[in-house]
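What follows is the residue order along each chain.
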Amino acid sequence: MDSLTQIVLGAACGEIVLGKKIGNKAMLFGAIGGTIPDLDVFIGRWLYGNEIDAMAFHRGFMHSIVFALIGSFVFGWITYKLYNKEKRLGTTTLKNWIWLYFLSIFTHPIFR
């Protein structure tokens, strides 16, 4: 899949999990989650001199189920802490954010 399709898939996951609670912002956060596994492209190009090794690195850890589990907790906790401030306090739970990031990151390698 191309990057645009991954963004749309992540946005759909965001809408499913938090769409009724935070509105269209859920699609934005889901789109970000759907893009996170592809950010290792920048690291792979920096670490390796050729495209084959960089692509092998890209299809590695950040496209694994382990990363989906770890990343969903890390990004979910960060977003929960940054999003739930004064006027939005109590609108979402940590579990909501973890679930949003898990779905958007987990679906990325499945539909690549």
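Calculation criteria
Residues numbered from 1 in each chain as written. Predicted model: local features only at pLDDT ≥ 70, side-chain atom pairs only at ≥ 80, totals over all residues. Heavy atoms only, no water. Helix = DSSP H or I, 4+ residues; strand = E, 2+ residues; numbered from the N terminus. Expected span 1.5 Å × (residues − 1). Buried < 20%, exposed > 50% of the residue type's maximum accessible area, 1.4 Å probe, protein only. Contact = heavy atoms within 4.5 Å. Polar contact = N/O pair within 3.5 Å; in protein donor to acceptor, adjacent residues only side chain to side chain. Phe/Tyr/Trp six-rings, centres within 6.5 Å; stacked < 30°, edge-to-face > 60°.

Draft legend 1. Structural view of helix H5 (residues 65–83). In this model H5 runs 26 Å from its N-terminal to its C-terminal C-alpha over 19 residues, within 8% of the 27 Å that 1.5 Å per residue would give. All buried positions along H5 are accounted for by Phe67, Ala68, Gly71, Ser72, Gly76, Thr79 and Tyr83. On its buried face, H5 is in contact with helix H1 (3–22), helix H2 (25–35) and helix H6 (94–110).

Draft legend 2. A look at the side chain of Asp40. Along the chain, Asp40 falls in helix H3 (residues 40–47). Among the residues examined, Asp40 registers a relative accessible area of 1% and is labelled buried.

Draft legend 3. Fine view of the environment of Asn50. Take Asn50: it is sitting in the loop between H3 and helix H4 (51–58). We classify Asn50 as partly exposed; its relative accessible area is 37%. Only 2.9 Å separates the side chain of Asn50 from the backbone nitrogen of Asp53, close enough to count as a polar contact.

Draft legend 4. Inspection of the packing of aromatic side chains at higher detail. Inspection of the entire model under this criterion finds eight aromatic pairs. Taken together, the ring pairs in this structure connect Phe29, Tyr83 and Trp97 into an aromatic cluster.

Draft legend 5. Structural view of the side chain of His63. Following the sequence through the fold, His63 ends up in the loop between H4 and H5. You can call His63 buried: its relative accessible area is 10%. Side chain to side chain, His63 and His108 meet in a polar contact 3.1 Å long.

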